[in-house]
Every structure is written in structure tokens, then in C-alpha cells.
Amino acid sequence: MSTLTTQQKSDIDKLWTEFWTGGITNPLTVIEQISFLMFARLLDVMETTERASARRTKKPLQGRFGPRTTAAGRTSSRRTPPRCCAWCATRSSRTSAS
């Protein structure tokens, strides 16, 4: 079994604080939401990998959930990361910049 690094522990503590500050105090709800965020992040990483592969092979991107429609009615394969709290907003902006 692997152990968490100091940075990972710090990140988890910050996330717990964000949930508590936002009014979610039930530990099971917090764990459920963290699991959802981890799943959403995994989907984002997989889609980014597929997008890079499609670019390399010059083939169209076949999204997992089909094409997305923008507010202007155009289809888009670009996904905006979830920003449910300040912690997620800072994490997604850091990861999408790379």
C-alpha cells in the first residue's frame, strides 16, 4: 500500500476545508464529492490524451459523449473543467495551462 506525500496530504486538507467552508459538513458527502472530482479529472486526462492522439494521427476526435454544443449553437469537442469551488478552479487552471 502506498503512502501519501506531504503535498498530497496538504491538497486533501485544503479540499476538505473548501467543502466545510462551503457548508458541506457530512464526511460521507465530502468523500462522495471528492470521488466525483477524481472521476471527472480522470475523464479529462483521458480526453486530453485522445485529443493529442487525434492531432498526431490527423483523425477527427470522437468524444466519449459525442460532440458538445456551445451557447452559440456550434459543436465543440473542447470541455471546460469543473469549477465547483475555489480549489477546483485553481487546480483546473494550473493543469489546463500545461
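Our structure is the block above this text.
In this report, the structure presented in the accompanying data block is examined. No experiment lies behind these values; they were computed from the predicted model shown. (Residues numbered from 1 in each chain as written. Predicted model: local features only at pLDDT ≥ 70, side-chain atom pairs only at ≥ 80, totals over all residues. Heavy atoms only, no water.)

1. Some thoughts on the overall build of the protein
The helix and strand inventory of the protein stands at 3 helices and 2 strands. Secondary structure of the protein in N-to-C order comes out as α-α-β-β-α. Taking all 98 residues of the protein together, the buried fraction comes to 17%. Contacts in the protein between residues far apart in sequence, at least 24 positions, make up 33% of those at least 6 positions apart. Summed over all atoms, the accessible surface of the protein reaches about 7,700 Å², with 59% contributed by carbon and sulfur. (Helix = DSSP H or I, 4+ residues; strand = E, 2+ residues; numbered from the N terminus. Buried < 20%, exposed > 50% of the residue type's maximum accessible area, 1.4 Å probe, protein only. Contact = heavy atoms within 4.5 Å. Areas by Shrake-Rupley, 256 points an atom, 1.4 Å probe, with all protein chains shown as cover.)

2. Quick notes on unusual backbone geometry
One non-glycine residue with positive phi stands out, namely lysine 58, at about 60°. Summarising the element assignment, lysine 58 is placed in the loop between α2 (27–57) and β1 (68–69).

3. Observations regarding the pattern of salt bridges
Enumeration over the complete set of coordinates arrives at 2 salt bridges. Taking the shortest distance from any N to any O, the salt bridge between arginine 41 and aspartate 44 comes out at 3.1 Å. Linking arginine 41 with aspartate 44, this pair stays in helix α2, spanning 3 residues, or about one helical turn. In this structure aspartate 44 comes out as buried when scored by relative accessible area, which is 13%. In this structure, the salt-bridge partner of arginine 51 is glutamate 47, at a minimum N-O distance of 2.9 Å. Pair noted here: arginine 51 and glutamate 47 are both in helix α2, with a separation of 4 residues, about one helical turn. (Salt bridge = Lys/Arg side-chain N within 4 Å of Asp/Glu carboxyl O.)

4. Brief notes about the packing of helix α1 (residues 6–21) against α2
With their axes 11 Å apart at the nearest point, α1 and α2 run at an angle of 120° to one another. The orientation of α1 with respect to α2, classified from their angle, is oblique. Read as a crossing pair, α1 and α2 show a hand that is right-handed. Each of Leu15, Trp16 and Phe19 in α1 lies in contact with α2, whose residues at this interface are Pro27, Val30, Ile31, Gln33, Ile34 and Leu37. (Axes fitted to C-alpha atoms, helices over the stretch in contact; angles between N-to-C directions. Parallel < 35°, antiparallel > 145°, perpendicular 65-115°, else oblique. Left-handed = near helix turned anticlockwise from the far one by under 90°.)

5. As for α1
Compared with the 22 Å implied by 1.5 Å per residue over 16 residues, the 22 Å span of α1 between its first and last C-alpha is a close match. Among the residues making up α1, those that are buried are Asp11, Leu15 and Phe19. Looking down the long axis of α1, one finds its buried residues gathered within 75° of arc, a one-sided arrangement. Among the exposed residues of α1, those oriented more than 90 degrees off its buried face are Thr6, Asp13 and Thr21. Two residues or fewer past α1, glycine 23 is found with a positive phi of approximately 100°. (Expected span 1.5 Å × (residues − 1). Arc of directions from axis to C-beta.)

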